[in-house]
Amino acid sequence: MKYNLKNNNLDELISLAQKGDMEALEEIIRRQQKNVFATLYYLDAKPDEIMDLTQEILFKVAKNIKKLKNPRTFKSWLNQIIINQFYDTLRKKQKTIKKVCLDNDEEKIKFEIPDFASNPYQRIIDKELEKAIKNSIHKLPDPFKAAIIMRELQGLSYEEIARATNSNIGTVKSRIARARLKLQEYLKPYIS
Amino acid sequence: MLKGNLTCEDISRLIIPYIDDKLTTNKRNRVAMHLRNCPFCMEKYRIIKTLLDSIKNKHLERAKKFRQYRLLSAYCDNEVSSHTKEKIESSLALSCELVQRTLKINSLRKALNQTFENKFANLELGLEKKVIERLKNENIFYKIRKFFLP
Ligand SMILES: [Zn+2]
């Protein structure tokens, strides 16, 4: 890197990137990729597609960053792209599945993200909990799922979530509360 | 239709609209009159009324409970006005149950946040170079195309 962008905040990076600074753009992508990947993971993206999907979304971000009017709304905008891309892919695939195969026992690809907790016992407990959380989130209805992921995984405000999902704050409030009630129920054995 | 006195059969049809107060004044009065004079229909009315009331109450109770939970959930996210926050905090001081519920929301949040953080802490994707590369290639492609196909 020509100069150090690591200390710039997101707003600064965005306005640089919008002026055509490729290094700033690269730094934005570098910072956001994990978020995008994790969000897709909890939205229940297919293991063999999650990397491609992540890359596709990041590419859209890179390509369209100049169209973002207010850098402050970046997070909502990013999540709009994630959700649209995710559900578009899902819809297209459902169509092709209907057309192509009735008895295709496609091999399920095992997909585990290695975990790095240091203590082996803690690791086992964490793994159990992680699995339970992942399965519980996957079970949620789509709007609840998206809202709780944006809130808890990405730390978006209610206003940002409302903007990303094209709904109002009252709806976001309800969705998050409903998601939490369901998760509390599903995760009862794990959480005191 | 429904001229003269109402029969018990008429009442079976009208009993629910009567309870829901969906009848015209005239019809309502006639149903009431029949009920006063017919112990059989009166009994039926009482049973249905009790049943509907208890369903309605359960609904109201559930809705009220959810509204409260929704408020606590927003409070845990620091997404309530300072006025509401004060109100919630003074209720919390008075109710163990509310405190319990708030604690549960917070332990869920903590479990989720920690899990998310640990899960992806050391994940290295390294997609930034690929994405930028692809963007540059696409830009070059467009420039070439523009040059040849004005
Ligand atoms: Zn009668």
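None of these values were measured; they are calculated from a predicted model.

A few words on the overall build of chain A. If you tally the helices and strands in chain A, you get eight helices and zero strands. Listing the helices and strands of chain A from first to last along the sequence gives α-α-α-α-α-α-α-α. Per-residue burial for chain A yields a buried fraction of 44% across its 192 residues. Of the roughly 11000 Å² that chain A leaves accessible, carbon and sulfur atoms contribute 50%.

This part takes up helix α8 (residues 169–186) of chain A. All names here are of chain A. Taking 1.5 Å per residue as the helical rise, α8 with its 18 residues ought to reach 26 Å, and the 26 Å between its terminal C-alpha atoms agrees with that figure. If you check which residues of α8 are buried, you get V172, K173, I176, A177, A179, R180, L183 and Q184. For α8, the angular spread of the buried residues around the axis is 160°, confining them to a single face.

All names here are of chain B. The full count for this structure, using the stated rule, is 19 salt bridges over all chains. Among the salt bridges present, the one from D10 reaches R13, with a minimum N-O distance of 3.1 Å. Of this pair, D10 and R13 both sit in helix α1 (residues 8–19), three residues apart, roughly one helical turn. Given a relative accessible area of 13%, D10 falls into the buried group. According to the relative accessible area criterion, R13 is partly exposed, its value standing at 47%.

Any region with low pLDDT has predicted coordinates that should not be read closely. Averaged over every residue, the pLDDT of chain A is 86; residues scoring 70 or more account for 83%. Under a pLDDT of 50 for its full length, residues 100–112 of chain A has, in the predicted model, eight contacts with residues more than four places off or in other chains.

Now for the coordination of the zinc ion. In this structure, C8(B) (SG), H34(B) (NE2), C38(B) (SG) and C41(B) (SG) serve as the protein donors to the zinc ion, at separations of 2.2 to 2.4 Å. Bound by four donor atoms, the zinc ion shows angles of 99 to 113° at the metal and therefore tetrahedral coordination geometry.

With that settled, the discussion passes to empty space enclosed by the protein. The full count for this structure, using the stated rule, is one cavity of 30 Å³ or more. Estimates place the volume of the largest cavity at around 40 Å³. Along the lines of polarity and charge, the residues of the lining of the largest cavity split into four nonpolar, one polar and three charged.

Let us now look at helix α3 (residues 50–64) of chain A. In an α-helix, one turn spans 3.6 residues; hence positions three or four apart end up facing the same way. Taking 1.5 Å per residue, 15 residues should reach 21 Å; α3(A) reaches 21 Å between its end C-alpha atoms and fits that length. Those residues of α3(A) not exposed but buried are I50(A), L53(A), T54(A), Q55(A), I57(A), L58(A), F59(A), V61(A), A62(A) and N64(A).

On to a nonpolar patch on the surface, then. A surface patch of nonpolar side chains, about 610 Å² in accessible area, is lined by I140(B), I144(B), F147(B), F148(B) and L149(B). Classification of F148(B) as exposed rests on a relative accessible area of 61%.

Looking now at the interface of chain B and chain A. With 37 residues of chain B in contact, the opposing surface of chain A contributes 45 residues. Both faces considered, chain B and chain A share a buried interface measuring about 4200 Å² in area, 65% of it formed by carbon and sulfur atoms. Counting the surface chain B buries against chain A, the share from its top three residues, F116(B), K119(B) and F120(B), is 15%. For the pair chain B and chain A, the interface holds seven salt bridges. The residue D77(B) makes a salt bridge to R180(A) at a minimum N-O spacing of 2.9 Å. For the pair chain B and chain A, the interface holds 19 residue pairs in polar contact (both at pLDDT 80 or more). Put simply, the parts of the chain that give the side of chain B that touches chain A at least two residues each are α3 (39–76), α5 (96–120) and α6 (128–148) of chain B. It is α5(B) that provides the largest number of residues to the side of chain B that touches chain A, a total of 13 residues. Residues of the side of chain B that touches chain A, tallied by class, amount to 17 nonpolar, eight polar and 12 charged.

How each quantity is defined
- Residues numbered from 1 in each chain as written.
- Chains lettered and ligands numbered in written order.
- Predicted model: local features only at pLDDT ≥ 70, side-chain atom pairs only at ≥ 80, totals over all residues.
- Heavy atoms only, no water.
- Helix = DSSP H or I, 4+ residues; strand = E, 2+ residues; numbered from the N terminus.
- Buried < 20%, exposed > 50% of the residue type's maximum accessible area, 1.4 Å probe, protein only.
- Areas by Shrake-Rupley, 256 points an atom, 1.4 Å probe, with all protein chains shown as cover.
- Expected span 1.5 Å × (residues − 1).
- Arc of directions from axis to C-beta.
- Salt bridge = Lys/Arg side-chain N within 4 Å of Asp/Glu carboxyl O.
- pLDDT = per-residue confidence, 0-100.
- Contact = heavy atoms within 4.5 Å.
- Donors = N, O, S within 2.8 Å, 3.2 Å for Na, K, Ca; no water.
- Tetrahedral: all angles 85-135°; square planar, octahedral: opposite > 155°, others 65-115°.
- 1 Å grid on protein atoms, 1.4 Å probe; cavity = no way out; pocket = protein on both sides within 12 Å on 5 of 7 lines; lining within 4 Å.
- Points joined across faces, edges and corners; volume = space filled by probe spheres on them.
- Nonpolar A, V, L, I, M, F, W, Y, C, P; charged D, E, K, R; others polar.
- Patch = residues over 30% accessible without salt bridge, like charges linked within 9 Å, V, L, I, M, F, W, Y side chains within 5 Å.
- Buried area = accessible area lost by both parts, 1.4 Å probe.
- Polar contact = N/O pair within 3.5 Å; in protein donor to acceptor, adjacent residues only side chain to side chain.

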